[in-house]
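# Observations on the model geometry
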Amino acid sequence: MLIACWSPKGGSGTTVVSAALSLILASTKGAALLVDLAGDVPAALGIPEPDGPGLSDWLAAGSEVPDDALSRLELDAAPGLRLLARGSTGSAVSGRPQALAAALTVERRPVVADCGRAEDGVALAVAAGATVSLLVLRPCYLALRRALAAPLRPTGVILVGEEGRSLGRRDIEEVLGVPVRAEIAYDPAVARAVDAGLLSRRVPRALERSLRDAA
């Protein structure tokens, strides 16, 4: 199962949602793989920034590098959780996005991909080929407008709550035509866990409760 988390707008929380989902799956299923296409997962988990090759290097290497070479790039991130880091080549990477999407789809472990804004060919291909495509959205009109214009159609929405917003769950579902799979209420404990580098040790309870159904 490949779960892709993406958003049409930066700052929506795709990295924290992806990291938390993968940690929950690693705990409940025994193993999971977290794929970092946005580049911020190590900081969110509170683990050292990888200094070796990663996904961008595999993509840039071309078809002579076999798909199974991906497994050699995995790093330990938490008990039961392995990480495919972005790598050192940088963000402007072209290559074989369809091959990456296909390799992740056939994984026996649950795979969660942080696709960020899903604005390049690689992130778009992974999100489009995912078993579950989760749009991470804050309930603001600008984000909703961009979601409607996005080239991807999600299978569900993770709604990240903000105080004072007039849009709610029903509004999002009616406009996008897909269900809200989870609602994450504002919780300072989540920001504290990320800032302190503690997310990989324990997902805050409120966040875990919100995301269990989505996982």
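Residues numbered from 1 in each chain as written. Predicted model: local features only at pLDDT ≥ 70, side-chain atom pairs only at ≥ 80, totals over all residues. Heavy atoms only, no water.

## Overview of the side chain of Asp36
With respect to the helices and strands, the residue Asp36 is situated in strand β2 (residues 32-36). Of the side chains bearing the opposite charge, Arg86 lies closest to the buried Asp36, which forms no salt bridge; the N-O distance is 7.0 Å. Only 3.3 Å separates the side chain of Asp36 from the backbone nitrogen of Ala38, close enough to count as a polar contact. A distance of 3.3 Å separates a polar side-chain atom of Asp36 from the backbone nitrogen of Val41. (Helix = DSSP H or I, 4+ residues; strand = E, 2+ residues; numbered from the N terminus. Buried < 20%, exposed > 50% of the residue type's maximum accessible area, 1.4 Å probe, protein only. Lys, Arg positive; Asp, Glu negative; His and termini not counted. Salt bridge = Lys/Arg side-chain N within 4 Å of Asp/Glu carboxyl O. Polar contact = N/O pair within 3.5 Å; in protein donor to acceptor, adjacent residues only side chain to side chain.)

## Considerations on helix α8 (residues 188-195)
Looking only at α8, the buried set comprises Val190, Ala193 and Val194. Down the axis of α8, the buried set is contained in an arc of 95°. They therefore lie on one face. Among the exposed residues of α8, those oriented more than 90 degrees off its buried face are Arg192 and Asp195. A distance of 3.0 Å separates the backbone nitrogen of Ala189 from a side-chain oxygen at the start of α8, and that oxygen is part of Asp187. Directly beyond the C-terminal end of α8, a positive phi value near 70° is found at Gly197. (Arc of directions from axis to C-beta.)

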